[in-house]
Amino acid sequence: MMLAFILLGALAIVGGVITIAAKNAVHASLGLVGTLLCVAGLFATLNASFLAATQVIVYAGAVMVLFLFVIMLLNANQPVTERDPVPYVRELAGIGGTLLAGAFVVLAFTFKDPRPLAEGAEALRGGSALVMGETLLTRFLLPFEAVSILLLVAIVGAVALVQRPAAQPDGVPDELEEPVGAPQEERRQVPRGAAPALMQTRGAQDGEVRA
Amino acid sequence: MPDWLATLLISLLKAVLVVLGLLTTFAYMTLIERRLLGRMQLRPGPNRVGPMGLLQPAADAIKSIFKEDLTVTLADKLVYTLAPIVAIGMALTAFGGLPAGPAGSLFGENPWVYNLDTGILALLALTSMGVYGIFLGGWASGSKYPILGGLRSSAQMISYELGMGLSLLGLLMIVGTTSFHGIVGWQAQNGPMILFQSLGFVLFLISSFAETNRTPFDLPEAEQEIVAGYLTEYSAIKWALFQMAEYVNMITASAVMSTLFFGGWKGPQFLNALIPGISDWPLIWLIVKIAFFLFLFIWVRATLPRLRYDQLMRFGWKLVLPLALANTMLTAAFLAFRGSGGLWFLGVLSLAGVLALLVLSDRVRTLWNQPSIRPEGDIVRAGGD
């Protein structure tokens, strides 16, 4: 178990390095998938099997697929070679990283067990769904519900953002249209079938997802 | 030989046997499928290689191994090779957790490769990783149709994963454990789960068809629209690996449905009167049940036409997902308020749900058949369908 833990930890770090070092965005996200899987393995070696399964289902199986989906749809897998738009971004990132590492070191040396390890392992009872559910829905009910409302708000927000009025579907550039004031009347006359093919609009390199 | 080494070797042996069994089933499944489809379409099907075409799988295997393995210039070499391996690896791993008999019944060994407390969750996790094979294969091919197929299939599989997971929640609430052994044991005492969760089973069956990319949900490889989808640029053994993954996923889905809803490796109890102990024989009952579901897969393929892509999405999001949620709510409410009543009433409610769905199918069909028509004068908005 100890050996597996160390190996998985090392692999997780390798995946993390690939994530930030890979030039191709798809390779980078595959590195992240590897890291997430290794973290799931770490959970499994710590006897938290429910957490491990959920980690794979939610993060590696759904979230990362959506990441890759967006990368492929936007064709964003090419490396960007322009000058960085944010000044001193590397230096700032270095400072942030150092601060974070320092915080972790402080955390590691001042950490005290809230209760003895044997007692904690006893309470975990193999990390099955039963124990998790019991804890989440009794002691942590309020945070649990708050998080679910937060996620709901995020979903509603995403739908609201996507549902904004579309650019002119008739192929006439916006500036040639009538000025602001009566855009809705204008759209009303556009027949429904007049929209150009989806790929054409996307080809304009504005990188906007419409589907 | 130390104890742990013996356990390890036996586990390895069992894993190899499972893989061999699955691959043999895959090979003959292709033949049976082609023959059966032929029968259903009033033609003989492949019957030239060997007696009754029985050597056809061998011929196919030799052909796909010795064909030239093409790689497109624009392909991403690493991911292109990795994709079929991921697909088949996840498909083969998922099967090992399913129990095929009582403990210690297979020459004194347990008839399963690994046993996890989180059995059903682990299986869902492994099958959800299977998306990567198709998805990455489509992208790494570096050409247009594969990427369209890959995008389609990942959207499809993610959408139906939700319905699949949710349709099992009612079952998990009734049984109260996620391990396959617990579920099979519960069914041995209380009767097969299909009696109490018929609505959940119907939803799970539909989602399984979508997850395994079978007709009527075989959008990822709709040859009339996108050549062969993510498979377009693949050839020889890599192509065969993808095919294997698809069929192994089908076998796993059949085994999961048998285990969760039809009593798993347990045979019918009344046969014990004829031959004592026959319902506890390992392997045989699970294989019989798997064979039934595999036949169902073929039968449906010969019967139903393919859905259009927008119909597929609406079907998943407007029908399967809400119904799975409703099933969860129904079961939860029943379990909370039933007092000391038996489970049979839940079974009646569930069956009534399925029947209502069948009777009202003409009303329900508009949910996914008609594109949502905007009222005249409504603003055209981005997004939507």
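Reading the values: the criteria
Residues numbered from 1 in each chain as written. Chains lettered and ligands numbered in written order. Predicted model: local features only at pLDDT ≥ 70, side-chain atom pairs only at ≥ 80, totals over all residues. Heavy atoms only, no water. Helix = DSSP H or I, 4+ residues; strand = E, 2+ residues; numbered from the N terminus. Buried < 20%, exposed > 50% of the residue type's maximum accessible area, 1.4 Å probe, protein only. Contact = heavy atoms within 4.5 Å. Areas by Shrake-Rupley, 256 points an atom, 1.4 Å probe, with all protein chains shown as cover. Rg over C-alpha atoms; globule rule 2.2 N^0.38 Å. Patch = residues over 30% accessible without salt bridge, like charges linked within 9 Å, V, L, I, M, F, W, Y side chains within 5 Å. Salt bridge = Lys/Arg side-chain N within 4 Å of Asp/Glu carboxyl O. Core = buried A, V, L, I, M, F, W, Y, C linked by side-chain atoms within 4.5 Å. Axes fitted to C-alpha atoms, helices over the stretch in contact; angles between N-to-C directions. Parallel < 35°, antiparallel > 145°, perpendicular 65-115°, else oblique. Left-handed = near helix turned anticlockwise from the far one by under 90°. Nonpolar A, V, L, I, M, F, W, Y, C, P; charged D, E, K, R; others polar. Arc of directions from axis to C-beta. Phe/Tyr/Trp six-rings, centres within 6.5 Å; stacked < 30°, edge-to-face > 60°. Expected span 1.5 Å × (residues − 1). pLDDT = per-residue confidence, 0-100.

With respect to the overall build of chain A
Right, so step 1: A count of helices and strands for chain A gives nine helices and zero strands.
Right, so step 2: Going from N to C terminus, chain A has its helices and strands arranged as α-α-α-α-α-α-α-α-α.
Right, so step 3: Buried positions account for 21% of the 211 residues belonging to chain A.
Right, so step 4: For chain A, the proportion of contacts with a sequence separation of at least 24, taken over those separated by at least 6, is 51%.
Right, so step 5: Accessible surface, chain A: about 15,300 Å² in total, of which carbon and sulfur atoms supply 71%.

Let's talk about the overall build of chain B
Right, so step 1: Regarding its fold elements, chain B presents 14 helices and zero strands.
Right, so step 2: Secondary structure elements in chain B, listed N-terminal to C-terminal, are α-α-α-α-α-α-α-α-α-α-α-α-α-α.
Right, so step 3: Against the compact-globule benchmark of 21 Å for 385 residues, chain B has a radius of gyration of 22 Å, which places it among compact chains.
Right, so step 4: A principal-axis box enclosing the C-alpha atoms of chain B has dimensions of 70 × 60 × 45 Å.
Right, so step 5: Residues classed as buried in chain B amount to 49% of the 385 residues present.
Right, so step 6: Excluding contacts between residues fewer than 6 apart, the proportion of contacts in chain B whose partners are at least 24 apart in sequence is 74%.
Right, so step 7: Surface exposure of chain B reaches about 18,100 Å², of which carbon and sulfur atoms provide 70%.

Brief notes about a nonpolar patch on the surface
Residue and element names in this part refer to chain A.
Right, so step 1: On the surface, a nonpolar cluster with roughly 400 Å² of combined accessible area is contributed by Leu136, Leu137, Phe140, Leu141 and Phe144.
Right, so step 2: Breaking the nonpolar patch down by element, the ones donating at least two residues are helix H6 (129–138) and helix H7 (141–162).
Right, so step 3: In this structure, phenylalanine 144 sits in helix H7.

Re unusual backbone geometry
All names here are of chain B.
Right, so step 1: Despite not being glycine, leucine 42 has its phi angle at roughly 60 degrees, a positive value.
Right, so step 2: Note on placement: leucine 42 falls in the loop between helix H1 (3–40) and helix H2 (56–66).
Right, so step 3: For leucine 42, a relative accessible area of 82% translates into the label exposed.
Right, so step 4: Of note in the backbone geometry, asparagine 213 takes a positive phi value of approximately 60 degrees without being a glycine.
Right, so step 5: Locating asparagine 213 in the fold gives a position in the loop between helix H8 (198–211) and helix H9 (223–226).
Right, so step 6: For asparagine 213, a relative accessible area of 4% puts it in the buried group.

Here we look at the pattern of salt bridges
Residues and elements named next belong to chain B.
Right, so step 1: Applying the stated criterion across every chain, the model contains four salt bridges over all chains.
Right, so step 2: Close ionic contact of glutamate 33 with arginine 214 constitutes a salt bridge, the shortest N to O distance being 2.7 Å. Of the two residues, glutamate 33 sits in helix H1 while arginine 214 sits in the loop between H8 and H9, which places them 181 residues apart along the sequence.
Right, so step 3: Judged by relative accessible area, which is 2%, glutamate 33 ranks as buried.

A few points about the nonpolar core
Right, so step 1: If you look at the biggest cluster of nonpolar residues, it comprises 107 residues, and the most contacted ones within it are Leu68 of chain A together with Tyr132, Leu136, Met193, Phe217, Leu260 and Phe261 of chain B.
Right, so step 2: By residue number, the principal contributor to this core is helix H10 (residues 236–261) of chain B, which donates 14 residues.

Observations regarding the packing of helix H3 (residues 77–95) of chain B against helix H4 (residues 119–129) of chain B
Helix packing geometry: the angle between the two helix axes and the distance between the axes.
All names here are of chain B.
Right, so step 1: At a closest axis distance of 8 Å, the pairing of H3 and H4 adopts a crossing angle of 165 degrees. As summarised for this structure, H3 and H4 are arranged roughly antiparallel, according to the angle between their axes. Like other packed secondary-structure pairs, H3 and H4 cross with a definite hand, here left-handed. In this structure, H3 uses Val86, Met90, Thr93 and Ala94 to contact H4, whose residues at the interface are Leu123, Leu126 and Met129.
Right, so step 2: For the contact of H3 with H4, the per-class residue count stands at six nonpolar, one polar and no charged.

Remarks on H2 of chain B
Residues and elements named next belong to chain B.
Right, so step 1: Taken together, the buried positions of H2 are Gln56, Pro57 and Ser64. Around the axis of H2, the buried residues are gathered within 95 degrees of arc, so they sit on the same side. Facing away from the buried side of H2 by more than 90 degrees, the exposed set consists of Ile62, Ile65 and Phe66.
Right, so step 2: Those residues of H2 hidden inside the fold are in contact with H1 and H10.

Points about the environment of glutamine 163 of chain A
Residues and elements named next belong to chain A.
Right, so step 1: When you line up the elements, glutamine 163 lands in the loop between H7 and helix H8 (183–188).
Right, so step 2: Note on glutamine 163: relative accessible area 30%, which makes it partly exposed.
Right, so step 3: In this structure the C-alpha to C-alpha distance between glutamine 163 and phenylalanine 43, which are 120 residues apart in sequence, comes to 40 Å.

What to know about the packing of aromatic side chains
Residue and element names in this part refer to chain B.
Right, so step 1: Per the stated rule, a full pass over the model turns up 17 aromatic pairs over all chains.
Right, so step 2: Taken together, a centroid distance of 5.7 Å and an interplanar angle of 40 degrees make the contact between phenylalanine 295 and tryptophan 299 tilted. One end of the pair, phenylalanine 295, and the other, tryptophan 299, are both in helix H11 (residues 284–303), four residues apart, so they sit about a helical turn from each other.

Brief notes about H10 of chain B
Residue and element names in this part refer to chain B.
Right, so step 1: Between the first and last C-alpha of H10 there are 38 Å, a value that for 26 residues agrees with the 38 Å anticipated at 1.5 Å per step.
Right, so step 2: A large share of H10 lies buried, amounting to 23 of its 26 residues.
Right, so step 3: Looking one or two residues past H10, glycine 263 carries a phi angle of roughly 85 degrees, positive in sign.

As for the packing of helix H7 (residues 180–190) of chain B against H10 of chain B
Residues and elements named next belong to chain B.
Right, so step 1: Following both chains from N to C, one finds H7 and H10 inclined at 50 degrees, their axes separated by 8 Å at the closest point. Between H7 and H10, the angle falls in the class oblique. Between H7 and H10, the contacting residues are Phe180, Ile183, Val184 and Gln187 on the first element and Thr259, Leu260 and Phe261 on the second.
Right, so step 2: Grouping the constituent residues of the contact of H7 with H10 by class yields five nonpolar, two polar and no charged.

With respect to the confidence of the model for chain A
Right, so step 1: In this model, chain A carries a mean pLDDT of 76, and residues with pLDDT of at least 70 account for 73%.
Right, so step 2: Note that pLDDT drops below 50 for residues 192–211 of chain A; the model gives that stretch 17 contacts with residues more than four away or on any other chain.

Considerations on the environment of arginine 306 of chain B
Residues and elements named next belong to chain B.
Right, so step 1: One can find arginine 306 in the loop between H11 and helix H12 (309–337).
Right, so step 2: When its relative accessible area of 25% is taken as the criterion, arginine 306 is described as partly exposed.
Right, so step 3: Taking the C-alpha atoms as reference, arginine 306 lies 4.2 Å from proline 216; in sequence the two are 90 residues apart.

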